[in-house]
Amino acid sequence: MTDADAHSRRAFLQSAAGGVCLLLSASAWAASAPVTPAEKLVEARYYEKLPHRKIRCLLCPRACVIDDRETGYCGVRENRNGTYYTLVYGKPCTLHIDPIEKKPLFHFLPSSATLSLGTAGCNVLCKFCQNWEISQSRPEQLPALDLPPDKLIALTRQKQCPVIAFTYNEPVVFTEYMYDIAQIAKAGNRHTVMISNGYIQEKPLRDLCRVLSAVKIDLKAFSERFYREMVSGELKPVLDSLLILSQEKIWFEIVYLVIPGQNDDSQELKALCRWIVRELGAQVPVHFTRFHPQYRLTNIPATPLRTLEHARQIGLDAGLHFVYSGNVPGHPGENTYCPHCQKVLIQRIGFAVAANRLGDGVCPHCRQLIPGVWK
Amino acid sequence: MTISRRKFIRNAAMAASAVSLAPWSANITRGAARSRVVFSHTAVPEGREEAVRCLHALDRGMEALLQRPVREAWASLFSSSDVVGLKVSCLAGRKFSTHVALVQAICTRLEDIGLKKGQIIIWDRLDSDLDNAGFVLNRNPQKILCMGNDAVGYSRELYEYGSACSRLSRLVTERCTAIINLPVLKDHGIVGISAGLKNFFGAIDNPNKYHVACGDPYVADVNMFAPLRDKVRLTICDAMLAQYEGGPPYMRQWNWPYQKLLLTQDMVALDRLSWNIIAKKRRQSGLPSLEETGRTPGYIHTAALHGLGNDDMKQIEVVET
């Protein structure tokens, strides 16, 4: 690394640390923060114009009908005089370099440094959201950076991050920004991953599959009741999205946050795992992760370890090949095992890879092919 | 659950003293007695002469509402130590927002009872909305203050009631000791009508999350957040212009000069009457009812069930001046 590189790395880390500050103290800073640059609005994609200056958004299953001067449910896409605009194009409010394991994606370029970004807004309202201070905010409430796609790609190159992750809030709500970054990244042989709730209509999802490298879907539960009461969303469109990802043959993994007493019923978990094996295939990695009290669910304790272990066992019993326990650093359930010979292939401690014995996606012991994107 | 006689009496006494300490706080006794809504006639203020008429309409309305001379009426609601927030409605731009002339008239009367200019804050969601509606932004406390929530931010604390959970404008939580609600009367494409209760969606950080299910119970729940429930002392609905279809944006073809100010201390009663006004106008114009368009403003009844006011027409007294 040259001195120039070292300097810019330091500058970058400073700005990334600034991002952390923005995330943590947005409301306190709102009065004085200079940040958001003059408005340069980009017209939204995926909408139709209706009479009397109304529009219908065709991005997510809500299909909001939006009056002039109003935003949709996500709060970041606004109708202005009958034209629909994204308010967050090129305006991430948080930016970090994370290991890919933090997303988590366990079968996608292990240990990769991932430039991760998010904006304001979300198209659901999870009572347990851990990033609610940005996901449930609107653009005017958060200081944001000025990073159009070309600048972001240049930054990624400068910092030698092979992967860009769209994460923290729900990336679907900034789909235009995400798509344009992913398209440029793909042309330059860089990878992009979307960390999403899967609450998106078919057309924009299929479009994204053409430019993204991988997707992680947060499947919040396997019941409409939970989605209705805890997420203000629906399960069916998320399952449809998973089927589309499978059809499009893009690499994807599933995360299921296990919340005590809310979505940890054994029958529900069995039904979920059977559905995945039947509809998506046994090779899809499933992560059962630990819940910590957040946002509006501070009255529920963290998930007991035995519940996570039980969920993992249900997944294995259902025939899934790769079932992980998440948010439990050092637990054996974080490791990748060969489904044929059961040897440890990738050993993890939290977000760090302690050992990777997987050569070219093949088990070194029994030559079993391990699905994923390994190089 | 049982409660001792002594404890019951003590609690009852505490509740009674709370009421007596806050004579202006209609919220505490709302729902218990008849609610008064005053319809004060006035022309749409376009020039200086009309602005004076607007002030006269305001004075007539306040006298009728509180049944005492103008100055005493204002002094019965606000003290010279209050910081009074004037929550206007500016989303629809200059053609269909709370009229500047009405706000000026209110400021005049507040100054008459001893408030300094810096103790009056005109506010709405965004600086740009206020600017577009013709208000002059100002942060200099030597003048009447005027600013959007975006200028000061939102509380760190989350306020939660029923299905609603939001951060409130810091103007509500930290700056104002009292609030005058100054909505406009309009049809609303999702929640049916927008008048008194709905105007406080402009005080929270996440109104986009509550424009579902016709806003029921969200509109009612937001108005139960303690700082709003405790600080709103007066509502003056600017119905000099009103709109019976196509809201919340301004739609010339459905906008009409209703030429009234509606004054009350009961937002639920105001909203109930506003629904009637819009329903009648829609009938006259051959439009389907709000119920038929799937936009029944059920949140009004929910607000009544919360104890925020009366939606029973038998309990609402209408006074015309």
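All values reported here derive from a predicted model rather than from experimental measurement.

1. Examining the overall build of chain A
Part 1 of the reasoning: Along the backbone of chain A there are 10 helices and 17 strands.
Part 2 of the reasoning: Buried residues in chain A amount to 57% of all 375 residues.
Part 3 of the reasoning: Across chain A, contacts joining residues at least 24 apart in sequence account for 65% of those joining residues at least 6 apart.
Part 4 of the reasoning: On chain A, roughly 14,800 Å² of surface is accessible, and the fraction owed to carbon and sulfur atoms is 52%.

2. Quick notes on the interface of chain B and chain A
Part 1 of the reasoning: Taken residue by residue, the interface counts 38 residues in chain B and 32 residues in chain A.
Part 2 of the reasoning: Summing the contributions of chain B and of chain A, the shared interface buries around 2,600 Å²; its carbon and sulfur component is 44%.
Part 3 of the reasoning: One can count 3 salt bridges joining chain B with chain A.
Part 4 of the reasoning: A salt bridge links R125(B) to E140(A), with the nearest nitrogen and oxygen atoms 3.0 Å apart.
Part 5 of the reasoning: The tally of links between chain B and chain A comes to 11 residue pairs in polar contact (both at pLDDT 80 or more).
Part 6 of the reasoning: At the level of secondary structure, the elements contributing two or more residues to the side of chain B that touches chain A comprise α6 (127-132), α7 (149-152) and β6 (164-166) of chain B.
Part 7 of the reasoning: No other element matches α7(B), which puts 3 residues into the side of chain B that touches chain A.

3. Observations regarding the pairing of strand β14 (residues 323-326) of chain A
Part 1 of the reasoning: Neither face of β14(A) is exposed, since V323(A) and S325(A) on one face and Y324(A) and G326(A) on the opposite face are all buried.
Part 2 of the reasoning: For the segment spanning strand β13 (residues 286-290) of chain A, helix α10 (residues 305-317) of chain A and β14(A), crossover handedness is right-handed.

4. Examining the layout of surface pockets
Part 1 of the reasoning: By volume, the largest pocket is sized at about 1,100 Å³.
Part 2 of the reasoning: When residues of the lining of the largest pocket are traced back to their parent elements, those giving at least two are α1 (3-24), β7 (94-99), β10 (191-196), β11 (214-218), β12 (251-258), β13 and β14 of chain A.

5. Overview of the nonpolar core
Part 1 of the reasoning: Counting residues in hydrophobic clusters, the biggest one holds 151 residues, and the most contacted among them are L242(A) and F288(A).
Part 2 of the reasoning: Ranked by residue count, the leading element in this core is helix α11 (residues 267-284) of chain B, at 8 residues.
Part 3 of the reasoning: Sequence-distant contacts of F288(A), that is, excluding residues within four places in its chain, are made with Y256(A), V258(A), L269(A), L272(A), C273(A), L308(A), A311(A), R312(A), V323(A), Y324(A), S325(A) and G326(A).
Part 4 of the reasoning: Membership of the second largest hydrophobic core comes to 46 residues, among which are A57(B), A92(B), I106(B) and A133(B).

6. Looking at the sheet that holds strand β15 (residues 336-337) of chain A
Residues and elements named next belong to chain A.
Part 1 of the reasoning: An order of β15-β16-β17 is seen for the 3 strands of this open sheet, with the pairing classed as antiparallel. Each of the sheet's edge strands pairs with one partner strand only, and the pair in question is β15 and β17 (352-356).
Part 2 of the reasoning: Inspection of the sheet shows β15 paired to strand β16 (residues 344-349) by 2 bridges, in the antiparallel sense. Each residue of the ladder has a partner; that of T336, found in β16, is I346.

7. Considerations on empty space enclosed by the protein
Part 1 of the reasoning: Across all of its chains, the model carries 4 cavities of 30 Å³ or more by this definition.
Part 2 of the reasoning: If you add up the space inside the largest cavity, you get close to 80 Å³.
Part 3 of the reasoning: A per-class count over the lining of the largest cavity returns 8 nonpolar, 2 polar and 2 charged.

8. Some details on the pairing of strand β5 (residues 77-80) of chain A
All names here are of chain A.
Part 1 of the reasoning: In terms of strand pairing, β5 meets strand β6 (residues 83-86) through 4 bridges, oriented antiparallel. Along β6, the bridge assignment pairs R77 with T86.
Part 2 of the reasoning: Hairpin connection from β5 to β6: 2 residues lie between these consecutive antiparallel strands, with N81 at a positive phi of about 55°.

9. Structural notes on the packing of aromatic side chains
Part 1 of the reasoning: With the rule as written, the count across this model stands at 16 aromatic pairs over all chains.
Part 2 of the reasoning: Between the aromatic rings of Y244(B) and W256(B), the centroid separation amounts to 5.7 Å while the plane-to-plane angle is 65°, which identifies the pairing as edge-to-face. With Y244(B) in the loop between β10 (232-243) and β11 (255-256) and W256(B) in strand β11, this residue pair connects regions lying 12 residues apart in the sequence.
Part 3 of the reasoning: The rings of Y89(A), F166(A), F174(A) and Y177(A) are connected pair by pair, giving a single aromatic cluster.
Part 4 of the reasoning: Here K87(B) stacks its cationic end above the ring of W123(B), 5.7 Å away from the centre of that ring.

Conventions and cut-offs
- Residues numbered from 1 in each chain as written.
- Chains lettered and ligands numbered in written order.
- Predicted model: local features only at pLDDT ≥ 70, side-chain atom pairs only at ≥ 80, totals over all residues.
- Heavy atoms only, no water.
- Helix = DSSP H or I, 4+ residues; strand = E, 2+ residues; numbered from the N terminus.
- Buried < 20%, exposed > 50% of the residue type's maximum accessible area, 1.4 Å probe, protein only.
- Contact = heavy atoms within 4.5 Å.
- Areas by Shrake-Rupley, 256 points an atom, 1.4 Å probe, with all protein chains shown as cover.
- Buried area = accessible area lost by both parts, 1.4 Å probe.
- Salt bridge = Lys/Arg side-chain N within 4 Å of Asp/Glu carboxyl O.
- Polar contact = N/O pair within 3.5 Å; in protein donor to acceptor, adjacent residues only side chain to side chain.
- Right-handed = clockwise from strand over helix to strand, strands pointing away.
- 1 Å grid on protein atoms, 1.4 Å probe; cavity = no way out; pocket = protein on both sides within 12 Å on 5 of 7 lines; lining within 4 Å.
- Points joined across faces, edges and corners; volume = space filled by probe spheres on them.
- Core = buried A, V, L, I, M, F, W, Y, C linked by side-chain atoms within 4.5 Å.
- Pairing = 2+ DSSP bridges.
- Nonpolar A, V, L, I, M, F, W, Y, C, P; charged D, E, K, R; others polar.
- Phe/Tyr/Trp six-rings, centres within 6.5 Å; stacked < 30°, edge-to-face > 60°.
- Lys NZ or Arg CZ within 6 Å of the ring centre and 35° of its normal.

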